[in-house]
Amino acid sequence: MFRGLYDIDWSSMEHAYGSAAEVPGLLLALRSPDGEERRKALVRFYSAVHHQGVVVPCTTASLPFLFELAGDVAAHDRAAIVDLLVSIGTAAVEECENQYADLVDFAGAAAVVRERAEVFVGFASDADPRVRRAAIPGLALFLDDTDRAAAVLRDRLSAEPETAERLLVVDAMATLALRVPALSDGAMAWFDELAADTTRDPGTRLAAVVQQARCAPEQISEDTVPAAIDLLREMANATVTDGERPAPAPHVTPTTPEAPAAGVAPQVVAAFEDLDRKGLVHAPTTHLLRTFHETLAARVSQRTALLAQQLRTPDPGSRLDAIRMSAELMKSWRGDHTSLILQVSEHLGATEHEVAAEAAAVLEECHAIAEPARGALAAHVAAHGPDAWAAPNSEQRRAHQEAVRALARLGDARAVPSVLAALDSGVDAWRAVEVAGALIEAADHLVPRLCAHLRRVDHTQQWLGSSAAALLSALGDLRDQAALPSIIDTLAAAVRHDQAGTTSSALKALATFGPAAAPALETIRPLTAASDAHVRPDAVAALWAIGGDREEVMPLLGELLTGRPFFWKTRAADVLAEIGPPAVAALPQLRQLLTDRYDWVRIHGAAAVWTIGGEAETSIVLDILLQAWSQNPATGDHIVAFLDRMGLAAEPALPQVRSELTLPRRNARFASIRRDEELQRVCHAIIGRLS
């Protein structure tokens, strides 16, 4: 096996991380009898040789050996190898017609896969269902004889005994029809026939409905979604009638909270865990239903009705995936999501801890629109008590923590006992710190604890800067003057240990206190000439907010306006706008920002020019703001907030403000629900005032 492996000059090729000399070793490791060795080799192959779906010459050179391994019935993990072949082949076929630099080889890989396309027909009828599942998508992409591909898929549908494989066959037929428009009419007729055939299982009929919609979204009718809902209901009823137990949610082993690995921030660990969690699929229909939601796109009411049925299924895995799809809808599309928020909140009481945890996590993620779930969140938090913050079961712990965080972000005092328990015990305290700033009414309880955590920060450890930043941000939000000594001490320590990130965070926190933070001025003044690009503008802004001496800050702001980093200019413009008309001497420099190449510099500059110069600047400022908004929709929430401050002078912007509200997709920076909801609210306020 693998004859000729070492006849190839692998060292003359490269993968994503350098020389491809390791590729023969990876291929041999994929044959290893040791499961962990195979797993590591596969992960490395995807990471280096097929990095982010790219195909390079060493990827193409590997293909014959991967085909050989996949065809060896005695080999381990054949399905994983077929999956890899399909992934490489899919990327190659989709990209082979495009022009790329010499370092990629989509065309070469596509030729190899097409030459061996018949092998996938064999894999698709393999005795191992996992191999069949991996191979079926390749039938739609690799066979040059597309009529034969369609015939093979029809035959496979009749031969497959399980729903999961049948769904893949119907999906592959849609892919084939989209790839070869000449086959579209035949595929659509086949979908019609399948959907109407009551002798077939409801899963296959549902797949036909969905894939027909995918192939012709313009033909989606008022009956399409109700038909899909009826089939979902039929699937759920069949499970109950047959006496089958719903598939359990993935098993979670009870664990005690663990400290992160040395040198790794707990926030980083949690982020990777969340990515892994979101990559899991718990039901065979999930990919199909996600495809349906993507096809339905802006049909929010229809998608909500579909999700309502998904969330009612008896299978916990299906409900878990439906909760995640609910988040995808609410995060991407505007609309009244009250009913969906309430339906998700009902799952806080699920007996499966992972389902409850996912519901809580979605409500926290969508906290800006989670007000209808306030009662359910409070009830869930109260039912388990503050001790649940450190519950031994990881998913029960996660459910409680996420519910507390969602409740805290709503400013609800019922979250306070659990937040205090987290700060007192230190268990996942960083999660509590991130939301503590929203609990202003509990500042007298929170501030001493937050300050105690802040005093324990080791400023010699680089990653702990993120923890200090969160603590400082929370104290800045709470604005309790009892925190000032700790913040000032932290600033001094950060400067002493050259921790620029913590220094900037402390400066921003102190600025929120205004003149009350005057004891910090002695430390702040030297920082206005700091070498760090971020510390310097933060220090100037803090100097103005705390000292309020215009003569002292104006020369410093002038230097920032002529600086190279764009954020010096935007920050200086913002501070000058705070100073207002008395900063008139800065107008010539600010007007120069109006022709800057970067839209954000023009926007901040225009806002400062109008705030200082007054209504005489209205015409040019509106032109700049509205042009930037048209060119970069992510600027919308910032621009609309300024239009609101302009009052009646913003009347010429009304058409664009109205146009914004006609857009179905969320349109604010960072795909933020909170920012987009505020954008819509302010747009409505402007229209109401000016119309």
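Treat the numbers as computed from the prediction; the structure is a model and nothing was measured.

Draft legend 1. Highlighting the overall build of the chain. When helices and strands are tallied, the chain shows 36 helices and two strands. Summarising its shape, the C-alpha atoms of the chain cover approximately 80 × 60 × 55 Å along the three principal directions. Within the chain, the fraction of its 691 residues that count as buried is 54%. A sequence separation of at least 24 residues applies to 67% of the contacts in the chain between residues at least 6 apart. Side-chain charges in the chain split into 63 positive and 91 negative, and the spacing between the mean points of these groups amounts to 2 Å.

Draft legend 2. Up close: the packing of helix 13 (residues 266-278) against helix 22 (residues 429-436). For the pair helix 13 and helix 22, interaxial distance at closest approach is 10 Å and the crossing angle is 95°. Relative to helix 22, helix 13 is oriented roughly perpendicular. Residues P266, Q267 and A270 of helix 13 form the contact with helix 22, whose own contacting residues are W430, R431 and E434. Here the residues of the contact of helix 13 with helix 22 sort into three nonpolar, one polar and two charged.

Draft legend 3. Layout of helix 10 (residues 184-196). Here helix 10 spans 18 Å end to end across 13 residues, near enough to the 18 Å set by a 1.5 Å rise per residue. Inspection of helix 10 places A187, M188, W190, F191 and L194 among the buried residues, and these make up the whole buried set. With its buried residues spanning 160° around the axis, helix 10 presents them on a single face. Turned more than 90 degrees from where helix 10 packs its buried face, D185, E193 and A196 sit exposed. Structurally, helix 10 contributes buried residues whose contacts are with helix 8 (146-159), helix 9 (163-179) and helix 11 (202-215).

Draft legend 4. Spatial organisation of a nonpolar patch on the surface. On the surface, V268, F272 and L275 cluster together to form a nonpolar patch covering roughly 310 Å² of accessible area. One can find L275 in helix 13. Exposure remark for L275: the relative accessible area of 58% places this residue in the exposed category.

Draft legend 5. Geometry of the pattern of salt bridges. In total, this model carries 45 salt bridges according to the counting rule given. Of the charged contacts in the structure, one is a salt bridge between E559 and R536, with a shortest N-O distance of 2.9 Å. One end of the pair, E559, is in helix 29 (residues 550-561); the other, R536, is in helix 28 (residues 535-547), and 23 residues separate them in sequence. Judged by its relative accessible area of 17%, R536 is buried. Between D596 and K569 there is a salt bridge, with its nearest N and O atoms 3.5 Å apart. In this pair, D596 is assigned in the loop between helix 31 (587-593) and helix 32 (599-613) and K569 in helix 30 (residues 566-579), connecting sequence segments 27 residues apart.

Draft legend 6. Molecular detail of the layout of surface pockets. Volume-wise, the second largest pocket comes out at about 920 Å³. Lining of the second largest pocket is provided by 29 residues; of these, D574, W600, H604, H638 and R669 occupy positions nearest its centre. Listed by contribution, the elements that provide at least two residues to the lining of the second largest pocket are helix 26 (500-511), helix 28, helix 30, helix 32, helix 34 (636-646) and helix 36 (673-690). If you tally residues by element for the lining of the second largest pocket, the top one is helix 30, at seven residues. For the lining of the second largest pocket, the class distribution of residues is 12 nonpolar, six polar and 11 charged.

Draft legend 7. Spotlight on helix 26. When the terminal C-alpha atoms of helix 26 are compared, their 17 Å separation across 12 residues agrees well with the 16 Å that a helix rising 1.5 Å per residue should span. Within the sequence span of helix 26, burial applies to T502, T503, S504, S505, A506, L507, A509 and L510.

Draft legend 8. Seen up close, the environment of R200. With respect to the helices, strands and loops of the structure, R200 is situated in the loop between helix 10 and helix 11. The exposure class of R200 is partly exposed, given its relative accessible area of 26%. Not counting residues up to four positions away in its chain, the partners in contact with R200 are L157, L194 and R205.

Draft legend 9. Molecular detail of the nonpolar core. Counting residues in hydrophobic clusters, the biggest one holds 233 residues, and the most contacted among them are L590 and L643. If you tally residues by element for this core, the top one is helix 4 (residues 78-95), at 10 residues. With residues up to four places along the chain from it excluded, the contact list for L590 reads L561, A573, L576, A608, V609 and I612.

Draft legend 10. Region of interest: the confidence of the model for the chain. Per-residue confidence for the chain gives a mean pLDDT of 93, with 95% of residues at or over 70. Within the model, pLDDT remains below 50 along residues 241-258, and this stretch shows 31 contacts once partners closer than five positions in the same chain are excluded.

Draft legend 11. Expanded view of the packing of aromatic side chains. Under the definition given, this model contains nine aromatic pairs. A centroid spacing of 5.6 Å and a plane angle of 85° characterise the contact between F566 and F567, whose relative ring orientation is edge-to-face. Overall, F566 belongs to the partly exposed group, its relative accessible area being 39%. Here F567 falls in the partly exposed class, since its relative accessible area comes to 22%. Measuring from ring centre to ring centre gives 5.9 Å for W610 and F642, while their planes differ by 90°; the resulting arrangement is edge-to-face. Separated by 32 residues along the polypeptide, W610 in helix 32 and F642 in helix 34 bring together distant segments of the chain. For the residue pair W610 and F642, the accessibility class agrees, reading buried in each case.

Draft legend 12. Representation of the side chain of D676. For D676, the location among the structural elements is in helix 36. For D676, a relative accessible area of 0% puts it in the buried group. Of the polar contacts made by the side chain of D676, one reaches the backbone nitrogen of N667; its length is 2.9 Å. Of note is the side chain of D676, whose polar atom sits 2.9 Å from the side chain of Q680.

Procedures and definitions
The written sequence of each chain sets the order in which its residues are numbered from 1. Residues qualify for local features only when their pLDDT is at least 70, as the model is predicted, and side-chain atom pairs are given and counted only at 80 or more; totals for whole chains, interfaces and linings, by contrast, use all residues. Hydrogens and water are ignored here; the side-chain numbers use all heavy atoms of the structure. Strands here mean DSSP runs of E at least two residues long; helices mean DSSP runs of H or I at least four residues long; both are numbered from the N terminus. Think of it in three bands: residues with accessible area under 20% of the maximum for their type are buried, residues over 50% are exposed, and the middle band is partly exposed, with areas taken using a 1.4 Å probe on protein chains only. Any two residues having at least one pair of non-hydrogen atoms within 4.5 Å are treated as being in contact. Positive residues here are Lys and Arg, negative ones are Asp and Glu, while His and the chain termini are left out of the count. Charge positions come from single atoms, namely NZ of Lys, CZ of Arg, CG of Asp or CD of Glu. Fitted lines through C-alpha atoms serve as axes, helices being fitted only where they are in contact, and the angles separating the N-to-C directions of these axes extend from 0 to 180 degrees. We call two directions roughly parallel when the angle between them is under 35 degrees, roughly antiparallel when it is over 145, roughly perpendicular when it lies between 65 and 115, and oblique otherwise. Side-chain classes follow a simple rule in which Ala, Val, Leu, Ile, Met, Phe, Trp, Tyr, Cys and Pro form the nonpolar group, Asp, Glu, Lys and Arg form the charged group, and the remainder, Gly included, forms the polar group. The span you would expect from a helix comes to 1.5 Å times its residue count less one. Along the arc lie the directions from the helix axis toward the C-beta atoms. Residues enter patches when they are more than 30% accessible in relative terms and free of salt bridges; like-charged ones are connected within 9 Å and nonpolar ones (Val, Leu, Ile, Met, Phe, Trp, Tyr) within 5 Å. Method for areas: the Shrake-Rupley scheme with a 1.4 Å probe, in which residue coverage is limited to the protein chains shown. Only one rule defines a salt bridge in this text: a Lys or Arg side-chain nitrogen within 4 Å of an Asp or Glu carboxyl oxygen. The method works on a 1 Å grid over the protein atoms by themselves. A cavity is a set of points holding a 1.4 Å probe that cannot get out, a pocket is an open set with protein on both sides within 12 Å along at least five of seven lines, and residues with an atom within 4 Å of a point line them. Grid points are joined across faces, edges and corners, and a volume is the space filled by probe spheres set on the points. Only buried residues count toward a nonpolar core, which is a set of Ala, Val, Leu, Ile, Met, Phe, Trp, Tyr and Cys residues joined through side-chain atoms within 4.5 Å. The score called pLDDT rates the predictor's confidence residue by residue, from a low of 0 to a high of 100. Two aromatic rings, drawn from Phe, Tyr or Trp (for Trp, its six-membered ring), form a pair once their centres lie within 6.5 Å of each other, and the interplanar angle then sorts them: stacked below 30 degrees, edge-to-face above 60, tilted otherwise. Polar contacts here mean pairs of N or O atoms no more than 3.5 Å apart (in protein, one a potential hydrogen donor and the other a potential acceptor; neighbouring residues in sequence count only if both atoms are side-chain atoms).

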